[in-house]
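Structural overview
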Amino acid sequence: GEIEQTYIMVKPDGVQRGLVGEIISRFEKKGFKLTGLKLFQCPKDLAEEHYKDLKAKPFFPKLIDYITSGPVVCMAWEGVGVVASARKLIGSTDPLQAEPGTIRGDLAVQTGRNVVHGSDSPENGKREIALWFNENEINQWTPAQAPWLRE
Ligand code: DAT
Ligand code: MG
């Protein structure tokens, strides 16, 4: 497999509910590499650009209000297969349908308050990281554990 990047974000409800550490921890423990991390108040135009594919949906205005309602935690994660694996760790969009053991399955109850975002393809991973981070906020480094994660 190829090394991929994914954009993961703790949404405002996750920050307000004190779930930031818990959510970061799931990706960290799995063995992916954190390359970007910040607490950030999202402006409306950025939220609209991020979710532009959903612009025609009836819930779009509420989605934008929700994402801009308080600070989010922006993350860039890197690894082989990280995009699909992160989506599995996150679970289904509707937290009531999400499997126990997933972030949404364990920590949320409603689609409109589903605590975390994860990119849905490697292309969108790159697009979203470029959207939410400046280049100088992405760090290239080699975790000490690297040889203990992949042979
Ligand atoms: P995901 O976040 O699982 O990738 P998505 O990309 O289809 O899901 O939608 C983005 C977000 O929009 C989702 O996390 C919550 C919101 N959303 C999606 N479908 C919705 C619906 N039917 N009602 C309300 N909010 C919805
Ligand atoms: Mg999506």
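Everything in this summary refers to the structure shown in the same document. (Residues numbered from 1 in each chain as written. Chains lettered and ligands numbered in written order. Predicted model: local features only at pLDDT ≥ 70, side-chain atom pairs only at ≥ 80, totals over all residues. Heavy atoms only, no water.)

**What about the overall build of the protein chain?**
Looking only at helices and strands, the protein chain features 8 helices and 4 strands. Walking the protein chain from its N terminus toward its C terminus, one meets helices and strands in the order β-α-α-β-α-α-β-α-α-β-α-α. Relative to a compact globule of 151 residues, whose C-alpha radius of gyration would be 15 Å, the protein chain shows 15 Å and is just as compact. Principal-axis analysis of the C-alpha atoms gives the protein chain an extent of 45 × 35 × 25 Å. Looking at the protein chain as a whole, 44% of its 151 residues are labelled buried. Contacts in the protein chain between residues at least 24 apart in sequence constitute 78% of all its contacts with a sequence separation of at least 6. Seen as two clouds, the 19 positive and the 20 negative side-chain charges of the protein chain have centres 3 Å apart. (Helix = DSSP H or I, 4+ residues; strand = E, 2+ residues; numbered from the N terminus. Rg over C-alpha atoms; globule rule 2.2 N^0.38 Å. Buried < 20%, exposed > 50% of the residue type's maximum accessible area, 1.4 Å probe, protein only. Contact = heavy atoms within 4.5 Å. Lys, Arg positive; Asp, Glu negative; His and termini not counted. Charge placed at Lys NZ, Arg CZ, Asp CG, Glu CD.)

**Regarding the environment of Ala56**
Tracing the sequence through the fold places Ala56 in the loop between α3 (44-50) and α4 (60-67). Looking at Ala56, the relative accessible area reads 80%, which means it is exposed.

**Notes on the side chain of Lys33**
Along the chain, Lys33 turns up in strand β2 (residues 33-40). In this structure the side chain of Lys33 is engaged in a polar contact, spanning 2.7 Å, whose partner is the backbone oxygen of Trp141. Excluding residues within four positions of it along the chain, Lys33 makes contact with Ala76, Trp77, Glu78, Trp141 and Pro143. (Polar contact = N/O pair within 3.5 Å; in protein donor to acceptor, adjacent residues only side chain to side chain.)

**Section: unusual backbone geometry**
Of note in this structure, Val115 is not a glycine but carries a positive phi near 60°. Inspection of the secondary structure assignment puts Val115 in the loop between α6 (103-107) and β4 (116-118). With a relative accessible area of 0%, Val115 lands in the buried category.

From the geometry alone we can't say anything about function, so treat these as descriptive.
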